[in-house]
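Each chain, written out:
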Amino acid sequence: MNKIFTTAILACLLTVLAMPIGADETKDHICFRALDTDKDGLVTFEEFAQHYGADEARFKTADADQDGRLTHEEYHGLLGHGG
Ligand SMILES: [Ca+2]
Ligand SMILES: [Ca+2]
């Protein structure tokens, strides 16, 4: 596990601790929202890079349809949840 990835996980944990958790809210949703800084429901490479560093290879791997933005589902793929 590299340092950037560890930092991203810590950022997610801090977000989880800082936010009240609703009944239908999961950690994954919160982590995705933490990445999606402009709250448009998609994570761009710029938003991704703020947490994961400018790791274009990782971003492209996660971006299944190659449109340059990560949906929540694509982000799940990045985390390795396997749907
Ligand atoms: Ca966004
Ligand atoms: Ca995409």
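Overview of the structure. Numbering of residues begins from 1 in every chain and follows the order in which that chain's sequence is written. Chains and ligands are labelled by the order in which they are written, letters from A for the one and numbers from 1 for the other. Only residues with pLDDT of 70 or above have their local features reported here, since the model is predicted, and side-chain atom pairs are shown and tallied only from 80 upward, although totals for entire chains, interfaces and linings are computed over all residues.

### Let's talk about the overall build of the chain
Going along the chain from the N terminus, every DSSP run of H or I of four or more residues is numbered as a helix, and every run of E of two or more is numbered as a strand. For the chain, the helix and strand inventory stands at five helices and two strands. For the chain, the sequential pattern of α-helices and β-strands runs α-α-β-α-α-β-α. Sequence-distant contacts in the chain: of pairs separated by 6 or more residues, those separated by 24 or more amount to 31%. Two residues form a contact once the distance between their C-beta atoms, set from the backbone, is within 7 Å.

### Description of the environment of Leu-42
Mapped onto the elements, Leu-42 comes out in the loop between α2 (27-35) and β1 (43-44). Between the C-alpha atoms of Leu-42 and Arg-69, which are 27 residues apart in sequence, the distance is 5.9 Å. Apart from the residues within four sequence positions on either side, Leu-42 is in contact with Asp-36, Arg-69, Leu-70 and Thr-71.

### Quick look at the nonpolar core
In this structure, Cys-31, Phe-32, Leu-35, Val-43, Phe-48, Leu-70 and Tyr-75 are the most contacted members of the largest nonpolar core, which totals 13 residues. Elements with a minimum of two residues in this core: α1 (3-18), α2, α3 (45-52) and α4 (56-62). Element by element, the count of residues in this core is highest for α2, at four residues. Nonpolar core, as used here: buried Ala, Val, Leu, Ile, Met, Phe, Trp, Tyr and Cys residues forming one set through C-beta atoms within 7 Å. Around each residue's C-beta, the other C-beta atoms within 10 Å are counted; 20 or more make the residue buried, 12 or fewer make it exposed, and counts in between make it partly exposed. All C-beta atoms are placed from the backbone.

### A closer look at unusual backbone geometry
Positive phi is not limited to glycine here, since Lys-39 has a value of about 55 degrees. The topology assignment puts Lys-39 in the loop between α2 and β1. Lys-39 gets classed as exposed once you count the C-beta atoms within 10 Å, which come to 7.

### Topic: the environment of Lys-3
Considering the arrangement of structural elements, one finds Lys-3 in helix α1. Given 8 C-beta atoms within a 10 Å radius, Lys-3 is considered exposed. With 49 residues separating them in the primary sequence, Lys-3 and Tyr-52 have C-alpha atoms 9.4 Å apart.

Remember, this is a structural readout, not a statement about activity or role.
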